[in-house]
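Here's the letter readout for the chains.
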Amino acid sequence: MSTMNLILMGLPGAGKGTQAQKILEDFDIPHISTGDIFRAAIKNETKMGLEAKKYIDAGNLVPDEVTNGIVSDRLAEADTKNGFLLDGYPRNIDQAHALKEIGEKLNKPLDGVINIHVEPDVLVERLSGRFICRTCGATYHKLYNKPKVEGTCDVCGGHDFYQRDDDKPATVKNRLDVNVKLNTPLIDYYGQEKLLYNVDGDRDIDDVYKDIKHILDNL
Ligand code: AP5
Ligand code: MG
């Protein structure tokens, strides 16, 4: 396969960011997480960030025209020449249609959609125990994915960690409700497009990755 134009999908907490970190160790393609892009914009207090924050803090989707525009610009950048790993986009059918148009315009058709499946009741605990390195963004869990040395990031050696604002219990519930509703039609759509690969995400992180690696090696 000459390009690897990929989507990594899954409910909040399914492990998209965690598996993306592993994919990047083996495949040289940019990781494009719309959630990360919004959080960076919020941190920098840009106009887009301040607008997006209202939706994110409530656990709702940022409006499609904002999100589609961001992805369209990002996929036009030179580093996506050999492929890209979209994480958290598309999240509804309208975004899936927009991505198809973007792909046609840029001549970058999708090669595969990896769906990390985890039942919603497991996800609350994953989100409430998550913490993130402030320096490099690496993601950990207080029970399931601790840094090798307590208080020190495995990736960059940083010592400053934070919890996401939208991982508070009140927001988590709505985030899950919103995404559960949108998820099934998207899975059906990519199944019909013959692009879908399902992975059982309710196992050890390394076992989940083994499956993903196998899929990507055989695309
Ligand atoms: P986004 O940042 O994408 O959040 P999300 O979809 O809710 O997903 P998360 O990042 O919370 O989960 P993840 O799947 O990456 O899990 P992780 O690997 O961290 O989006 C945030 C917000 O931005 C949205 O709510 C929305 O408002 C807005 N937005 C983003 N994209 C948008 C779009 N396309 N359209 C509109 N709005 C958009 O893992 C979670 C935890 O579990 C970690 O602690 C991890 O260590 C642990 N863990 C991971 N894998 C395992 C495992 N196998 N076993 C045990 N623990 C594990
Ligand atoms: Mg994530």
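Residues numbered from 1 in each chain as written. Chains lettered and ligands numbered in written order. Predicted model: local features only at pLDDT ≥ 70, side-chain atom pairs only at ≥ 80, totals over all residues. Heavy atoms only, no water.

### As for unusual backbone geometry
A cis amide bond, omega -5°, links Tyr89 with the succeeding residue Pro90. Counting through the fold element by element, Pro90 comes out in the loop between strand S3 (83–87) and helix H5 (93–106). Even without being glycine, Lys194 reaches a positive phi, approximately 60°. Structurally, Lys194 is set in the loop between helix H7 (169–192) and strand S8 (196–200). (Helix = DSSP H or I, 4+ residues; strand = E, 2+ residues; numbered from the N terminus.)

### Thoughts on empty space enclosed by the protein
One pass over the structure, following the stated rule, counts 1 cavity of 30 Å³ or more. Size it by volume and the largest cavity reaches roughly 120 Å³. Taken together, 14 residues line the largest cavity, and the ones lying closest to its centre are Gly10, Pro90, Arg91, Asn183 and Leu186. Those elements giving two or more residues to the lining of the largest cavity turn out to be strand S1 (4–9) and H7. Ranked by residue count, the leading element in the lining of the largest cavity is H7, at 4 residues. Here the residues of the lining of the largest cavity sort into 8 nonpolar, 4 polar and 2 charged. (1 Å grid on protein atoms, 1.4 Å probe; cavity = no way out; pocket = protein on both sides within 12 Å on 5 of 7 lines; lining within 4 Å. Points joined across faces, edges and corners; volume = space filled by probe spheres on them. Nonpolar A, V, L, I, M, F, W, Y, C, P; charged D, E, K, R; others polar.)

### Description of the UniProt feature "domain: Adenylate kinase active site lid" (unreviewed entry) in the protein chain
Here the UniProt-annotated "domain: Adenylate kinase active site lid" (unreviewed entry) positions come out as residues 130–166. Its end C-alpha atoms 11 Å apart, residues 130–166 is made of 0% helix and 24% strand. (UniProt positions renumbered as here; feature names shortened; annotations may be inferred.)

### Points about the site of ligand 1
Around ligand 1, the structure places 35 residues, and the nearest of them are Thr18, Asn60, Arg91, Arg130 and Arg175. Lys16 has a polar backbone atom sitting 2.8 Å from an oxygen atom of ligand 1. In this structure, a nitrogen atom belonging to ligand 1 sits 2.8 Å away from a main-chain N or O atom of Arg203. If ligand 1 stood free it would expose 1,000 Å²; the protein chains cover 97% of that surface. Elements with a contribution of two residues or more to the shell around ligand 1: helix H1 (16–26), helix H2 (34–43), helix H6 (120–128) and strand S6 (139–141). Looking at the shell around ligand 1, the element that brings in the most residues is H2, giving 4 residues. By residue class, the composition of the shell around ligand 1 is 12 nonpolar, 14 polar and 9 charged. (Near = heavy atom within 4 Å. Polar contact = N/O pair within 3.5 Å; in protein donor to acceptor, adjacent residues only side chain to side chain. Areas by Shrake-Rupley, 256 points an atom, 1.4 Å probe, with all protein chains shown as cover.)

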